[in-house]
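# Coordinate inspection notes
So you can see what is in the structure, the chains are spelled out below.
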Amino acid sequence: MKKIRLPAALTVKELADRLSVSGAQVVKYLMSNGVTATLNASIDFDTAALAADHFGFEAESEDAAPARAPAGGGRARHPLLDLSGEDPKALVPRPPVVAVLGHVDHGKTSLLDHIRQSRVAAGEAGGITQRIGAYQVDKNGRLITFIDTPGHEAFTAMRARGADVTDVAVLVVAADDGVMPQTDEAIQHIRAAGVPIVVALNKIDRDNANPDRVLQQLSEREVIPEEYGGTTPLVRTSARTGQGIDDLLDVILLVSDIEEPKANPKRPAVGTVIDSRLERGRGPIATVLVQNGTLRVGDQVVAGAVHGTVRALVTDAGKRVKEAGPSMPVVVTGLRDVAVAGDILQVMDSERAARTLAEQRATTQRQAIAQPVRRITLADLATQTTDGGIKRLNLLIKAEANGSLEAVRGQITKIDDPTVRIEVVADGVGAVTESDVNLAAVTDSIVIGFNVRPDPAAKAAAETQGVDVRYYEVIYQITDDIEKAIKGLYEPTFVEVFQGRAEVRRVFTVDGRNAIAGSHVVEGRITRGATIRVMRDGGEIHKGRIERLRRFKDDVREVAQGFDCGITVEDFTDFQEGDLLEAYTVEQQNL
């Protein structure tokens, strides 16, 4: 099957051109699967990939993570949230969306609670009846939407799934405690998201508050407050007394005015699932932040691989509404299953179209589980640099002590090559954590661990997300590997990973040659594309790639132990009954 690279979104006509078929053929296929689309209609990668498969192509994504923000700043939106295709006249200002991050004991929750209690949205003064993970407050007739995330890990995990919900990030730092490790991590995650920072210097009413020390600590981390000559707004607040709360809201509105968030409320809704759960008596419910368009009761929607009909929309004050516009968070009931936080919700033309797209995505997800995600590695960099052009290498560094961390950073910054730009996205002291891996996944970074090891959650996350995590005990080995990769000389260590063993029971002749080995899998599994070692009388007589793997008359990807199959091996036809075929893959050894 031919391979084709497709973007995260494209029109039906563009897809037809790439597949070298008529637009009418693609439209017909889509309609037969319940997707109504014109030649100029935009479709996502999942839909395009299934259409490509129908016409004999295997689709690969041009952008494996379309929502990833560049490590050095700037923002990239999910294609469904991209406003570039909207009519500029239809775009109107929308309320800014704010995420509040900070160290666990620095008053983030108390600050949010004070804002909720003192400034609930107009018309909802009857009291907060439920927590839905997001809410709106009113400031002088203008609304601000707050996303109540559990922490920066959740903030980045959502971004890793394609969500891009935040316009402004508020960094809460306690005036009596200063910058802590979680504060450092929050700063790094906000920078990766490419959103402006507003600092809330909280607990300013404490007797032991030392704001000058905190301002100095922030400046050392290149978060330079305006009063120190920088560009970061800083507001002194107290969640206990309410000091500075109004000023904080004013600054948020001022910063958002610079960003000018807009949306088109007259189009079908697109938004992000903030939270979801199964609730007794209500079934699956999801908190959705509408980001563009208007969501209405009765709409047919898809969120990831889940579809349904919007039965009810409920605000965080427990008020039922018939519709929700841009930047409005609502609880949605009517989905067939529990959605995943970070999934994009979109309104479809019909129930059939919603169901078909959800089923297609579910199929794609099942296939993706069997094919681990691969991100940038030093071996990839070595290959790319030989092709010419300037490349980017993002690193996340962890070390056992500050002295070691500074030494590693110092040696890496000395590497100077015109073809590669090295950027340290984040660094810190201590073991490699799941939070580090999430940040590395979002920024496409390689994790460098010096005299540290990962915790179990980090190791599992790295395997799941395909993040290259490397461990060293000698600094020069780090710089040596990077320099070799830059020069295209890096040679990773590869190992053979045993997959399965089959016995040749019958040989089928094709064109006068013993071309097909009728085999029985006696151990493990045999997969198409694996390397086969042909063993006879205890010795190896040939080694080659499996060219075809069949069960009866069908080509298959895999045959498990206990089943029969037909095997064709590249450049080999001399099979004999009794031959043993050992299948294995060659994988890079983790350092």
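To be clear, the structure that these remarks concern was listed above.
Report on the accompanying structure. Everything quoted here is computed from the prediction, not taken from an experiment.

What counts, and at which threshold
Residues numbered from 1 in each chain as written. Predicted model: local features only at pLDDT ≥ 70, side-chain atom pairs only at ≥ 80, totals over all residues. Heavy atoms only, no water. Axes fitted to C-alpha atoms, helices over the stretch in contact; angles between N-to-C directions. Helix = DSSP H or I, 4+ residues; strand = E, 2+ residues; numbered from the N terminus. Left-handed = near helix turned anticlockwise from the far one by under 90°. Contact = heavy atoms within 4.5 Å. Pairing = 2+ DSSP bridges. Buried < 20%, exposed > 50% of the residue type's maximum accessible area, 1.4 Å probe, protein only. Lys, Arg positive; Asp, Glu negative; His and termini not counted. Salt bridge = Lys/Arg side-chain N within 4 Å of Asp/Glu carboxyl O. Polar contact = N/O pair within 3.5 Å; in protein donor to acceptor, adjacent residues only side chain to side chain. Expected span 1.5 Å × (residues − 1). Phe/Tyr/Trp six-rings, centres within 6.5 Å; stacked < 30°, edge-to-face > 60°.

### Looking at the packing of helix H1 (residues 12-19) against helix H2 (residues 23-32)
Two elements in contact, H1 and H2, have axes whose closest approach is 8 Å; the angle formed by their N-to-C orientations is 115°. Of the two possible hands of crossing, H1 and H2 adopt the one that is right-handed. Judged by residue contacts, Val12, Leu15 and Ala16 of H1 engage Gly23, Val26, Val27 and Leu30 from H2.

### What about the sheet that holds strand E22 (residues 391-399)?
Spatially, the four strands line up as an open sheet ordered E23-E22-E24-E25, and their pairing is parallel. Looking along the sheet, the strands with just one partner apiece sit at the ends: strand E23 (420-429) and strand E25 (469-472). In this sheet, neighbouring strand axes are inclined to one another by 25° on average, regardless of whether the strands run parallel or antiparallel. Relative to E25, strand E24 (residues 445-450) is paired through four bridges, and the arrangement is parallel. Residue pairing for E25: isoleucine 448 is matched across the bridge by arginine 470. Packed onto the sheet, helix H12 (residues 434-443) meets E22, E23 and E24 and runs at close to 175° relative to E22.

### A look at the side chain of lysine 203
Following the sequence through the fold, lysine 203 ends up in the loop between strand E10 (197-202) and helix H7 (211-220). Buried within the structure, lysine 203 lacks any salt-bridge partner; aspartate 176 is the closest side chain of opposite charge, at an N-O distance of 4.9 Å. A polar atom in the side chain of lysine 203 sits 2.7 Å from the backbone oxygen of aspartate 105. Every residue in contact with lysine 203, bar those within four places of it in the chain, is listed here: Asp105, His106, Gly107, Ala174, Ala175, Asp176, Ala209, Thr237 and Ser238.

### Observations regarding helix H8 (residues 245-259)
Taking 1.5 Å per residue as the helical rise, H8 with its 15 residues ought to reach 21 Å, and the 21 Å between its terminal C-alpha atoms agrees with that figure. Where H8 is concerned, the buried positions are Ile245, Leu248, Leu249, Val251, Ile252, Leu253, Val255 and Ser256.

### Looking at the packing of aromatic side chains
Under the counting rule described, the total for this entry stands at three aromatic pairs. Geometrically, the ring pair formed by tyrosine 135 and phenylalanine 146 is stacked, given 5.8 Å between the ring centres and 20° between the ring planes. Taken together, the residues span a long stretch of sequence, with tyrosine 135 in strand E7 (residues 134-139) and phenylalanine 146 in strand E8 (residues 142-147) at a distance of 11 residues. Take tyrosine 135 and phenylalanine 146: they sit in the same class, and that class is buried. Between phenylalanine 572 and phenylalanine 575, the ring centres sit 5.0 Å apart and the planes meet at 85°, which makes this aromatic pair edge-to-face. Residue class for phenylalanine 572 comes out buried when judged on its relative accessible area of 11%.

Bear in mind that shape data such as this cannot, by itself, settle questions of function.
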